[in-house]
Amino acid sequence: MNYKNNAIRELQYFSKEFPSYTLGELLYSTLRLTNVTKISDLLTVSDEDLFSAIEKTKQEEKENI
């Protein structure tokens with residue numbers, strides 16, 4: 001599975017589902033579910049982990065509506 005392309009696509013869908021969110025809010029919502037505590041940690045996040053975090057975030061945000 002190509003997680004990089006899927007993560008990019010899902011982030012675009014996430015943006016369309018929550019049009020009032022800024023890019024920063026979308027990224028924050030997603031990255032809080034990873035082990036990123038500082039910007040350099042982004043270098044260690046796999047495409048698969050990022051894809052999974054986006055999926056989980058979308059689900060959580062839908063439940064909070």
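(A) Local environment of the overall build of the protein chain. For the protein chain, the helix and strand inventory stands at three helices and zero strands. For a compact globule of 65 residues, the expected C-alpha radius of gyration is about 11 Å, and the protein chain comes in at 11 Å, within 12% of that figure. Seen through its C-alpha atoms, the protein chain measures out along the principal axes to roughly 30 × 25 × 20 Å. Out of the 65 residues in the protein chain, the part that is buried amounts to 28%. Taking all contacts inside the protein chain whose residues are at least 6 apart in sequence as the whole, residues at least 24 apart take part in 61%. When the accessible surface of the protein chain is totalled, it reaches about 4,700 Å², and 53% of it is carbon and sulfur.

(B) Spatial organisation of helix 1 (residues 3-17). The end-to-end C-alpha distance of helix 1, which contains 15 residues, comes to 20 Å, matching closely the 21 Å that a straight helix rising 1.5 Å per residue would cover. Those residues of helix 1 lying buried are Asn6, Ala7, Glu10 and Phe14. End-on view of helix 1: buried residues confined to an arc of 100 degrees, all on one side of the axis. Turned more than 90 degrees away from the buried face of helix 1 sit Lys4 and Lys16, all of them exposed.

(C) Geometry of the side chain of Ser29. Mapped onto the elements, Ser29 comes out in helix 2 (residues 23-31). Judged by relative accessible area, Ser29 falls into the buried class, the value being 8%. With near-sequence residues (within four places) excluded, Ser29 lies in contact with Phe14, Tyr21, Thr57 and Glu61.

(D) A look at helix 2. Within helix 2, the full set of buried residues consists of Leu26, Ser29, Thr30 and Leu31. Buried residues along helix 2 sit against helix 1 and helix 3 (47-63).

(E) Layout of the packing of helix 1 against helix 3. Two numbers describe how helix 1 lies on helix 3: the axes approach to 8 Å, and their chain directions differ by 20 degrees. As summarised for this structure, helix 1 and helix 3 are arranged roughly parallel, according to the angle between their axes. The handedness of the crossing between helix 1 and helix 3 comes out as left-handed. Here Tyr3, Lys4, Asn6, Ala7, Glu10, Leu11, Tyr13, Phe14 and Glu17 of helix 1 lie close against helix 3, whose contacting residues are Asp47, Glu48, Phe51, Ile54, Glu55, Thr57, Lys58, Glu61 and Lys62. Classifying every residue of the contact of helix 1 with helix 3 gives seven nonpolar, two polar and nine charged.

Parameters and conventions
Residues numbered from 1 in each chain as written. Predicted model: local features only at pLDDT ≥ 70, side-chain atom pairs only at ≥ 80, totals over all residues. Heavy atoms only, no water. Helix = DSSP H or I, 4+ residues; strand = E, 2+ residues; numbered from the N terminus. Rg over C-alpha atoms; globule rule 2.2 N^0.38 Å. Buried < 20%, exposed > 50% of the residue type's maximum accessible area, 1.4 Å probe, protein only. Contact = heavy atoms within 4.5 Å. Areas by Shrake-Rupley, 256 points an atom, 1.4 Å probe, with all protein chains shown as cover. Expected span 1.5 Å × (residues − 1). Arc of directions from axis to C-beta. Axes fitted to C-alpha atoms, helices over the stretch in contact; angles between N-to-C directions. Parallel < 35°, antiparallel > 145°, perpendicular 65-115°, else oblique. Left-handed = near helix turned anticlockwise from the far one by under 90°. Nonpolar A, V, L, I, M, F, W, Y, C, P; charged D, E, K, R; others polar.

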